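Read off the chains here:
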Amino acid sequence: MNLASIPSPSTGVIELGPIPLRGYAFCIIIGVFVAVWFGNKRWIARGGKAGTVADIAVWAVPFGLVGGRLYHVITDYQLYFSEGESWVDAFKIWEGGLGIWGAIAFGAVGAWIGCRRRGIPLPAWADALAPGIAFAQAIGRWGNWFNQELYGKPTDLPWAVEISEGANRVAGTYHPTFLYESLWCIGVALLVIWADRRFTLGHGRAFALYVAAYCAGRAWIEYMRVDEAHHILGLRLNVWTAIIVFVLAVVYIVVSAKLRPGREEIVEPDRDTTPGKDSGADGSAKAKDADAKDAADADAQKDPLSKDEPGKGRTAESTEAAAEKG
């Protein structure tokens with residue numbers, strides 16, 4: 001018998017007056033806001049401009065949402081394309097179902113596009129955003145609480161989550177794996193912040209540390225879940241994904257540290273892109289030529305003997321000729 005437990009919401013919809021807002025979507029929105037806000041502070045601290053993180057997030061977030069949903073639908077296709085299921089439900093993102101692996105992969109593509117448009121290095125931007133992404137995941141996992149999904153095995157621990165009777169679930173108390181992952185993500189964010197300050201991480205290594213640390217936690221948390229999933233050699237698909245991505249992230253950190261030690265000195269070049277003004281190499285060359293011309297004109301004005309103008313500035317030869325005629 002449980003003396004204490006975490007109750008689940010009776011509904012997954014938050015009523016904001018006449019506007020219904022689903023708890024899952026609300027958590028995702030808040031998470032994105034926190035990631036952009038915190039990433040902007042870190043970007044400015046590294047020498048970037050205010051607003052750049054948000055500008056690139058305009059590309060990264062939509063790509064990430066699409067990628068996260070695609071990964072979920074592909075890996076859990078039986079929920080939408082098996083007999084008795086409706087494929088239209090695959091588009092109902094508000095009901096839950098975003099795969100972090102697809103979200104990060106597709107989000108990186110969107111971020112790459114945004115970074116190229118702004119002329120800044122993607123690794124530096126990713127380093128600035130890494131802790132914010134972890135905080136966003138910590139917030140987003142509470143969307144699973146609203147939907148009463150992604151819980152673990154039955155337990156009578158004081159922090160067990162109460163699950164009510166519903167479609168594909170049995171009433172009872174279970175391990176709150178959403179809470180475990182949320183707390184783990186907070187720890188990952190704090191770890192990246194500390195390591196970044198302690199070791200001055202750069203060239204994408206802060207982001208790689210976030211990926212590796214998250215994967216380490218996701219592996220054991222995923223092992224506790226009881227929802228339906230594909231298995232390979234006795235392990236859930238997401239466990240294998242976490243292991244592979246963890247290894248890749250660690251390899252990147254080691255190789256990157258040897259090839260490109262230290263941190264980027266300039267993360268966002270100060271370029272003037274105002275219409276009608278020169279920028280880039282051509283603009284710099286023209287500016288140098290203009291400066292040289294101005295300097296020459298200034299020298300000419302300072303030397304009254306450099307020009308033979310009526311009434312002033314005669315040369316020595318003209319002065320001597322006038323004296324002989326006199």
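First, a word on scope: everything that follows refers to the structure included in this document. Position numbers for residues count from 1 along each chain, tracking the sequence in the order it is written. In keeping with the predicted nature of the model, local features appear solely for residues at pLDDT of at least 70, side-chain atom pairs appear and are counted solely at 80 or more, and the whole-chain, interface and lining totals rest on all residues. Excluding hydrogens and water, the side-chain values take into account all heavy atoms of the structure.

1. Quick notes on the layout of surface pockets
Inference 1: Here the second largest pocket is characterised by a volume of approximately 190 Å³.
Inference 2: Each cavity reported here is a set of points on a 1 Å grid over the protein atoms alone in which a 1.4 Å probe fits but cannot get out, each pocket an open set with protein on both sides within 12 Å along at least five of seven lines, and each lining residue one with an atom within 4 Å of a point. If you go around the second largest pocket, the residues you meet are Phe38, Lys41, Arg42, Ala45, Arg46, Ile193, Asp196, Arg197 and Arg263.
Inference 3: In this description a helix means any DSSP run of H or I spanning at least four residues, a strand means any run of E spanning at least two, and both kinds are numbered starting from the N terminus. Of all the elements in the fold, those that place two or more residues in the lining of the second largest pocket are helix H1 (23-45) and helix H7 (177-199).
Inference 4: A total of four residues in the lining of the second largest pocket trace back to one element, the largest contributor, which is H1.
Inference 5: Residue polarity follows a fixed list, in which Ala, Val, Leu, Ile, Met, Phe, Trp, Tyr, Cys and Pro are nonpolar, Asp, Glu, Lys and Arg are charged, and the others, Gly among them, are polar. Of the residues assigned to the lining of the second largest pocket, the class counts are three nonpolar, no polar and six charged. Grid points are joined across faces, edges and corners, and a volume is the space filled by probe spheres set on the points.

2. Examining the pairing of strand S1 (residues 13-16)
Inference 1: The pairing criterion is simple: DSSP has to find at least two bridges between the two strands. As judged from the four bridges shared by S1 and strand S2 (residues 19-22), these two strands associate in the antiparallel manner. Note that in S2 the partner of Leu16 across the bridge is Ile19.
Inference 2: With antiparallel pairing between neighbouring strands as the criterion, S1 and S2 make up a hairpin whose turn holds two residues, including Gly17 at a positive phi of roughly 65°.

3. Considering empty space enclosed by the protein
Inference 1: Scanning the entire structure with this criterion turns up one cavity of 30 Å³ or more.
Inference 2: Each pocket or cavity is described by its volume, and for the largest cavity that value is around 40 Å³.
Inference 3: With three residues, the top contributor of residues to the lining of the largest cavity is H7.
Inference 4: In the lining of the largest cavity, the residues fall into three nonpolar, two polar and three charged.

4. Considerations on a nonpolar patch on the surface
Inference 1: A residue counts toward a patch only above 30% relative accessible area and without a salt bridge, and it is joined to like-charged neighbours within 9 Å or, for Val, Leu, Ile, Met, Phe, Trp and Tyr, to nonpolar neighbours within 5 Å. Values of accessible area rely on a 1.4 Å probe in the Shrake-Rupley scheme; residue burial ignores everything except the protein chains shown. Whenever Lys or Arg places a side-chain nitrogen within 4 Å of a carboxyl oxygen from Asp or Glu, that contact is recorded as a salt bridge. Judged by side-chain polarity, Ile243, Phe246, Val247, Val250, Val251, Val254, Val255 and Leu259 come together as a nonpolar surface patch covering roughly 640 Å² of accessible area.
Inference 2: Among the structural elements, Leu259 can be located in helix H9 (residues 237-259).

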